[in-house]
Amino acid sequence: MSQEIPAAVQRALTAIDEQDNDAFVAAFAPDGYVNDWGREFRGPDQIRSWSQNELIGKQATFTDTQVTVSGNPLTILTQVGGKGFNGPSHFTFAIADDQLASMTITA
């Protein structure tokens, strides 16, 4: 990747690479949320369930990842693979106190 990824985002990306749902959930603040194309999953229990059903549980992979908007929020463009959705997606991460406040997925 051409630009630096903040530690909070890198923890989430590493958890996805390692297929570690516990580490993925731990990257979020207690009141953090995932917005998956308009569907919102708030707090650790909902994030864990969403990830198990739609991300790590589907053996998602991210390739050709690049930062498209740096700063906070930070947006990456990545090619998603695995046993669920496959194709390009933008992931926008908001960071608060070195944890993810949100992760929003769009086209």
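Attention here is on the structure that accompanies the text. Each chain has its residues counted from 1, following the order in which its sequence is written. pLDDT decides what is reported in this predicted model: residues at 70 or higher carry local features, side-chain atom pairs at 80 or more are listed and counted, and totals for whole chains, interfaces and linings draw on all residues regardless. Note that the side-chain values use all heavy atoms of the structure and ignore hydrogens as well as water.

### So, the pattern of salt bridges
Part 1: One side-chain nitrogen of Lys or Arg within 4 Å of one carboxyl oxygen of Asp or Glu is enough to make a salt bridge. Under the definition given, this model contains five salt bridges.
Part 2: Salt-bridge contacts for Asp-22 lead to Arg-48; the nearest nitrogen and oxygen are separated by 2.6 Å. On the criterion of sequence distance, the pair formed by Asp-22 in helix α2 (residues 21–26) and Arg-48 in helix α3 (residues 43–54) is long-range, its members being 26 residues apart.
Part 3: Here Arg-48 falls in the partly exposed class, since its relative accessible area comes to 33%.
Part 4: Among the salt bridges present, the one from Asp-36 reaches Arg-39, with a minimum N-O distance of 2.8 Å.
Part 5: On the basis of relative accessibility, which here comes to 9%, the residue Asp-36 falls in the buried class.
Part 6: The network of salt bridges with shared partners includes Asp-36, Arg-39 and Glu-54. Helical segments are the DSSP runs of H or I of at least four residues, strand segments are the runs of E of at least two, and each set is numbered from the N terminus. The buried label goes to any residue with under 20% of its type's maximum accessible area, the exposed label to any with over 50%, and the partly exposed label to all in between, with areas taken from a 1.4 Å probe on protein chains only.

### Considerations on the pairing of strand β6 (residues 99–106)
Part 1: Judged from the five bridges that link them, strand β1 (residues 28–36) and β6 form a sheet pairing that is parallel. Within the sheet, the bridge partner assigned to Asn-35 lies in β6 and is Thr-104.
Part 2: Should DSSP find at least two bridges between two strands, the strands are taken to pair. As defined by bridge partners, strand β5 (residues 87–96) adjoins β6 across seven bridges and the pair is classed as antiparallel. The residue bridging Phe-93 from the neighbouring strand is Met-103, located in β6.
Part 3: Hairpin geometry of β5 and β6 is characterised by an intervening segment of two residues between the two adjacent antiparallel strands and by a positive phi of about 55° at Asp-97.

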